[in-house]
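Residue strings, one per chain:
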Amino acid sequence: MAKDYPASPKAQHLQESKKQRLTYILVVSALCVAFYVLGAWQNTTMPNPVSDSAISRVDCDPVARRDSSVPSFASASENVLDFDAHHQLNLSSTESVLQQFPACPLNQSEYTPCEDRKRGRLFDRDMLIYRERHCPGKDEQIRCLIPAPPKYKNPFRWPESRDFAWFDNIPHKELSIEKAVQNWIRVEGNKFRFPGGGTMFPHGADAYIDEISKLISLSDGRIRTAIDTGCGVASFGAYLLKRDIIAMSFAPRDTHEAQVQFALERGVPAILGVMGSLRLPYPSRAFDLAHCSRCLIPWGGHDGLYLAEIDRILRPGGYWIHSGPPINWRTHHNGWQRTEEDLKREQDKIEDVARSLCWNKVAEKEDLSIWQKPKNHLECADVKKKYKIPHICKSDNPDAAWYKKMESCLTPLPEVSNQGSIAGGEVARWPKRAFTVPPRVKRGTIPGIDANKFEEDMKLWEKRLTYYKRTTPIAQGRYRNVMDMNANLGGFAASLVKYPVWVMNVVPVNSDKDTLGAIYERGFIGTYQDWCEAFSTYPRTYDLLHADSLFSIYQDRCDITDILLEMDRILRPEGTAIIRDTVDVLTKVQAIGNRMRWDSRILDHEDGPFNPEKVLVAVKTYWTADPSEHS
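Throughout this document, residue positions are counted from 1 along each chain, in the order its sequence is written. Confidence filtering applies because this is a predicted model: local features only for residues at pLDDT of at least 70, side-chain atom pairs given and counted only at 80 or more, and all residues used for totals across whole chains, interfaces and linings. To obtain the side-chain values, all non-hydrogen atoms of the structure were included, while hydrogens and water were left out.

Peer 1: Looking at this structure, I do not really get the overall build of the chain. What am I missing?
Peer 2: Elements are defined by DSSP. Helices are runs of H or I of four residues or more, strands are runs of E of two residues or more, and each kind is numbered from the N terminus. Within the chain one finds 17 helices and 19 strands. Only protein chains enter the accessibility calculation, which uses a 1.4 Å probe; a residue is then buried when its area is under 20% of its type maximum, exposed when over 50%, and partly exposed in between. Out of the 631 residues belonging to the chain, those deemed buried represent 57%. Intrachain contacts of the chain at a sequence separation of at least 6 include 71% that bridge at least 24 residues. Per-residue and other accessible areas follow the Shrake-Rupley method at a 1.4 Å probe size, with only the shown protein chains counted as cover for residues. Surface accessibility of the chain: about 27600 Å² in total, with carbon and sulfur atoms responsible for 52%. Contact definition: two residues touch when any of their heavy atoms are within 4.5 Å.

Peer 1: Help me out: how do you make sense of the side chain of Glu 613 in this one?
Peer 2: Position of Glu 613 among the secondary structure elements: in strand 19 (residues 613-620). Assessed through its relative accessible area of 15%, Glu 613 is described here as buried. A 3.5 Å cut-off defines polar contacts: any pair of N or O atoms within that distance qualifies, except that in protein one atom must be a possible hydrogen donor and the other a possible acceptor, and neighbouring residues in sequence count only when both atoms are side-chain atoms. In this structure the side chain of Glu 613 is engaged in a polar contact, spanning 3.1 Å, whose partner is the side chain of Arg 580.

Peer 1: In this structure, what is going on with the sheet that holds strand 3 (residues 191-193)? I would like to understand it.
Peer 2: Whether parallel or antiparallel, the strands of a sheet pair through hydrogen bonds between backbone atoms. Strand pairing requires that DSSP identify at least two bridges connecting the strands. A sheet is described by the order of its strands in space; here three strands give the open sequence 1-3-2, paired in antiparallel fashion. Each edge of the open sheet carries a strand with a single partner, namely strand 1 (164-166) and strand 2 (186-188). The mean inter-strand angle of the sheet, taken between neighbouring strand axes irrespective of direction, is 35°. Bridging between strand 1 and strand 3 involves three bridges; their strand directions are antiparallel. Bridge assignment links Ala 165 to a residue of strand 3, and that residue is Phe 192. Every axis in this analysis is a line fitted to C-alpha atoms, fitted for helices over the stretch in contact. Angles between the N-to-C directions lie between 0 and 180 degrees.

Peer 1: Which parts of the structure should I look at to understand the pattern of salt bridges?
Peer 2: Two side chains that carry opposite charge are able to pair once their charged atoms sit near each other. Whenever a carboxyl oxygen of Asp or Glu lies within 4 Å of a side-chain nitrogen of Lys or Arg, that contact is scored as a salt bridge. On inspection of all chains with the given rule, the structure shows 41 salt bridges. Its salt-bridge partner being Arg 312, residue Glu 309 comes within 2.9 Å of it at the nearest N-O pair. Of this pair, Glu 309 and Arg 312 both sit in helix 7 (residues 305-313), three residues apart, which is roughly one turn of that helix. Residue Glu 309 shares its accessibility class with Arg 312, and that shared class is buried. One salt bridge connects Asp 348 with Lys 344, and the closest N-O pair in it is separated by 2.9 Å. Of the two residues, Asp 348 and Lys 344 are both situated in helix 9 (residues 340-356); the distance of four residues between them amounts to about one turn of the helix. By sharing partners, the salt bridges in this structure join Glu 351, Asp 352, Arg 355, Lys 361 and Glu 364 into a single network.

Peer 1: Before we go on, may I ask you to explain helix 17 (residues 583-595) in this structure?
Peer 2: Given 3.6 residues per helical turn, the α-helix brings residues three or four places apart onto the same face. A helix's residues, less one, multiplied by 1.5 Å, set its expected span. With 13 residues, helix 17 extends 19 Å between its outermost C-alpha atoms, agreeing within 8% with the 18 Å of an ideal straight helix rising 1.5 Å per residue. Summarising burial for helix 17: ten of the 13 residues are buried, a large majority. Among the residues making up helix 17, those that are buried are Val 583, Val 585, Leu 586, Thr 587, Val 589, Gln 590, Ala 591, Ile 592, Gly 593 and Arg 595. Lining the buried residues of helix 17 we find helix 15 (550-554), helix 16 (560-570), strand 17 (571-582), strand 18 (598-603) and strand 19.

Peer 1: I keep staring at the environment of Ala 534 and nothing clicks. Help me out?
Peer 2: Relative to the assigned elements, Ala 534 resides in the loop between strand 15 (525-529) and strand 16 (542-548). Sequence separation of Ala 534 and Asp 562 is 28 residues, and the distance between their C-alpha atoms is 8.9 Å. Not counting chain neighbours up to four residues away, the residues in contact with Ala 534 comprise Pro 113, Cys 114, Arg 133, Gln 529, Glu 566 and Arg 569.

Peer 1: Sorry, what's going on with the packing of helix 16 against helix 17 here?
Peer 2: Describing two packed helices takes the angle between their axes plus the distance from one axis to the other. Where helix 16 contacts helix 17, the two axes come as close as 10 Å, and the packing angle between them is 55°. By the criterion of interaxial angle, the relationship of helix 16 to helix 17 is oblique. Relative to helix 17, helix 16 is oriented so that their crossing is right-handed. Along the contact surface, helix 16 presents Ile 560, Thr 561 and Leu 564, while helix 17 presents Lys 588, Val 589 and Ile 592. Any angle from 65 to 115 degrees is called roughly perpendicular, while one under 35 is roughly parallel, one over 145 is roughly antiparallel, and all others are oblique. Less than a right angle of anticlockwise turn of the near helix away from the far helix marks a crossing as left-handed, whereas a clockwise turn marks it as right-handed.

Peer 1: I tried to follow the state of the cysteines on my own but got confused; where do I start?
Peer 2: A disulfide bridge is the covalent bond that connects two cysteines by way of their sulfur atoms. Sulfur atoms of two cysteines make up a disulfide when they are within 2.5 Å. Tallied over the full model, the rule gives six disulfides. Sulfur-sulfur distance for the disulfide between Cys 358 and Cys 380 comes to 1.9 Å. Taking the sign of the S-S torsion, 65° for the link of Cys 358 and Cys 380, the bridge is right-handed. One end of the pair, Cys 358, is in the loop between helix 9 and strand 9 (360-365); the other, Cys 380, is in helix 10 (residues 380-386), with 22 residues separating them in the sequence. In terms of burial, Cys 358 and Cys 380 fall into one category: buried. The disulfide that involves Cys 532 links it to Cys 558, with 2.2 Å between the sulfurs. Judged by the sign of its S-S torsion, about -90°, the bond between Cys 532 and Cys 558 is left-handed. On the criterion of sequence distance, the pair formed by Cys 532 in the loop between strand 15 and strand 16 and Cys 558 in the loop between helix 15 and helix 16 is long-range, its members being 26 residues apart.

Peer 1: Hey, could you run me through helix 12 (residues 451-468) in this one?
Peer 2: Counted at 1.5 Å a residue, the expected span for helix 12 with its 18 residues is 26 Å, and the 26 Å between its end C-alpha atoms agrees. Along helix 12, the residues classified as buried are Phe 454, Asp 457, Met 458, Trp 461, Arg 464, Leu 465, Tyr 467 and Tyr 468. Those residues of helix 12 that are buried are in contact with helix 11 (439-442), helix 13 (491-495), strand 16, strand 17, strand 18 and strand 19. By the N-cap criterion, in which a side-chain oxygen at the helix start approaches the backbone nitrogen of a residue two or three places on, helix 12 is capped by Asp 450, the distance to Asn 452 being 3.2 Å.

Peer 1: Whenever I open this one, the pairing of strand 14 (residues 502-508) confuses me. Can you help?
Peer 2: In regular strands, side chains alternate between the two faces of the sheet. A large share of strand 14 lies buried, amounting to seven of its seven residues. Neither face of strand 14 is left uncovered, since the one carrying Trp 502, Met 504, Val 506 and Pro 508 and the one carrying Val 503, Asn 505 and Val 507 both have all their residues buried. In this fold, strand 14 hands off to helix 14 (residues 516-521), which returns the chain to strand 15; that crossover is right-handed. A clockwise path from the first strand over the helix to the second, with the strands pointing away from the viewer, defines a right-handed crossover.

Peer 1: Would you take a moment to explain the environment of Arg 157 for this structure?
Peer 2: Topologically, Arg 157 is positioned in the loop between helix 2 (117-120) and strand 1. Between the alpha carbons of Arg 157 and Gly 477 there is a distance of 7.5 Å; along the sequence they are 320 residues apart.

Peer 1: Is there a simple way to explain the packing of aromatic side chains in this structure?
Peer 2: Working definition: an aromatic ring pair is given by the centre-to-centre distance plus the angle between the planes. Here is the rule: rings of Phe, Tyr and Trp (six-membered ring for Trp) pair when centre to centre is within 6.5 Å. Planes less than 30 degrees apart are stacked, more than 60 are edge-to-face, and the remainder are tilted. Scanning all chains against the criterion turns up 18 aromatic pairs. Ring geometry for Tyr 468 versus Phe 492: centroids 6.1 Å apart, planes at 80°, classification edge-to-face. Taken as a pair, Tyr 468 in helix 12 and Phe 492 in helix 13 lie far apart in primary sequence, 24 residues in all. Note on Tyr 468: relative accessible area 2%, which makes it buried. Members of the aromatic cluster, each reached through a chain of ring pairs, are Phe 167, Phe 192, Phe 194 and Phe 262. We count a charge as sitting over a ring when the NZ of a lysine or the CZ of an arginine lies within 6 Å of the ring centre and within 35 degrees of the ring normal. In this structure, Arg 480 packs its charged tip against the face of Trp 158, placed 3.7 Å from the ring centre. Across the ring face of Phe 101, the terminal group of Arg 595 is positioned such that the distance to the ring centre comes to 4.0 Å.

Peer 1: Just checking my understanding: could you explain the sheet that holds strand 8 (residues 314-323) for this structure?
Peer 2: An order of 6-5-4-7-8-10-9 is seen for the seven strands of this open sheet, with the pairing classed as mixed. Either end of the sheet is taken by a strand with one partner, and the two such strands are strand 6 (270-272) and strand 9. Mean inter-strand twist for the sheet, computed between neighbouring axes without regard to direction, equals 20°. Taken together, the six bridges between strand 7 (residues 287-293) and strand 8 define a ladder with parallel strand orientation. The residue of strand 8 that forms the bridge with Ser 293 is Ser 323. With respect to the sheet, helix 4 (residues 205-213) is in contact with strand 7, strand 8, strand 9 and strand 10 (368-372), its orientation differing from that of strand 10 by roughly 50°. On the sheet, helix 9 packs against strand 8, strand 9 and strand 10 and is oriented at approximately 145° with respect to strand 9.

Written out as structure tokens, the structure reads:
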């Protein structure tokens, strides 16, 4: 066979053929990449919020339409990411996607699953155990949509909502009659008005707080987080907000109808809860201030159990404020219908317990008594030589607080090197506190999180909020009550500080990192929660729910349908849910959401289409109970 030389015609022909094939491959590849990028760019385009006229409404009273900033996706259907061809719903793990959930009867419009009074009657009345959380078993759970009452209206916007609420939204007059002389609440036509009064401050919470501020400083940013035990309609917390102090107000569901529901309707943080036999669902060293205004808690009883619990959740150097019986008993004993001896005995017990906790009384003036927790426990050992009860807790995680029994013991503080140091580390003053590395992160007590990770998280949430604002009216005052269902370090709450919202930061109890203590150190409030159970709130109490990777955490622990039904229960009509997760999870969520009458879209991740995580934005459509059921 003849040998082919480079200059031969045959060799030249082979070289030209290779060049043509290479050029063809490069051109085709370039076209494929160009068309893919073009399609991806089109799918990342997000709509601006449009008016709520695009949302179908059922039995809607014309005056209910107070907002024109409810996000809707009907006009931007061409931008919806469609994953149906590759991500089909697994029907073996959920019910049929075709059947909508029915509406519950109207008499369940205020259903609180874990604080149901009928179920509570089955439990011991001692220490108010019957008013604690008792959730329904699987055979008791309902799968229907909790209806809004007929003529339900969107709540007043903040700050008007602090003083007014629609009667049709919470049709209860009991408190306005029972507490008429105390200025809690009044009925005026089709509205409730909240004068700001309370049992121990009939002249208003604002004036009451002014009296406190004469005894301790409330305006220098040192006090930011507070807890109000037995809060009524949370007027104390409502008026603290104007001083940049945010309170976790709580009260049980009892004969005083809908106290916590009124508070949340006003746009004031509140939660159903009681000091009974279980620890409060908050970490240790969380609150700068604790308050009790005639909250009817036996502070001197049970070997100091309840004051020991307040000590656990109070920050070093924090204050406990008490007004009402037995404080100032010499003046009020006749009105309280108790003997002077009885009231003096009760106050002596309280003072003995407070001193045994190493607290120092800093002021007592008229109806107010204020105690301060020490900054550290260096000198507490000498105090405990005199007081044997409560003893010092041993071998206990002070942050463990989910269905954990209270103990009558003194929670030890982290060790310090000198008397002037604050145990656990000092927090910055508000508002700098929100963006300063929390002491728990600085000290390395949260596995896998350091100062660099904290800074990265803050930058991440700046980017995410910018993205959210393109499709939800976060910056337009549409939302007031916000919940972050998997709050991590509280970055979502921090990104919202300049808006008129407050955030309930929830840390799931089965998270691999307990970050709730750091969230409180940043000056935000929150709670522990197991999302296989219902949250301790009334229906229709949150405007915006945010769930970051929540369903990936829970999809193997309980049915995500139940979590979504719970979200629907606590979300207000025309409220918004933002859910971040993988495509497979979000397609399941969207299918269930459709059955709950949600209007939703799946959007790309803020970093673009190549990120496997996506974002689902859903709006709960407006509908109410059948008016014929209204009695």
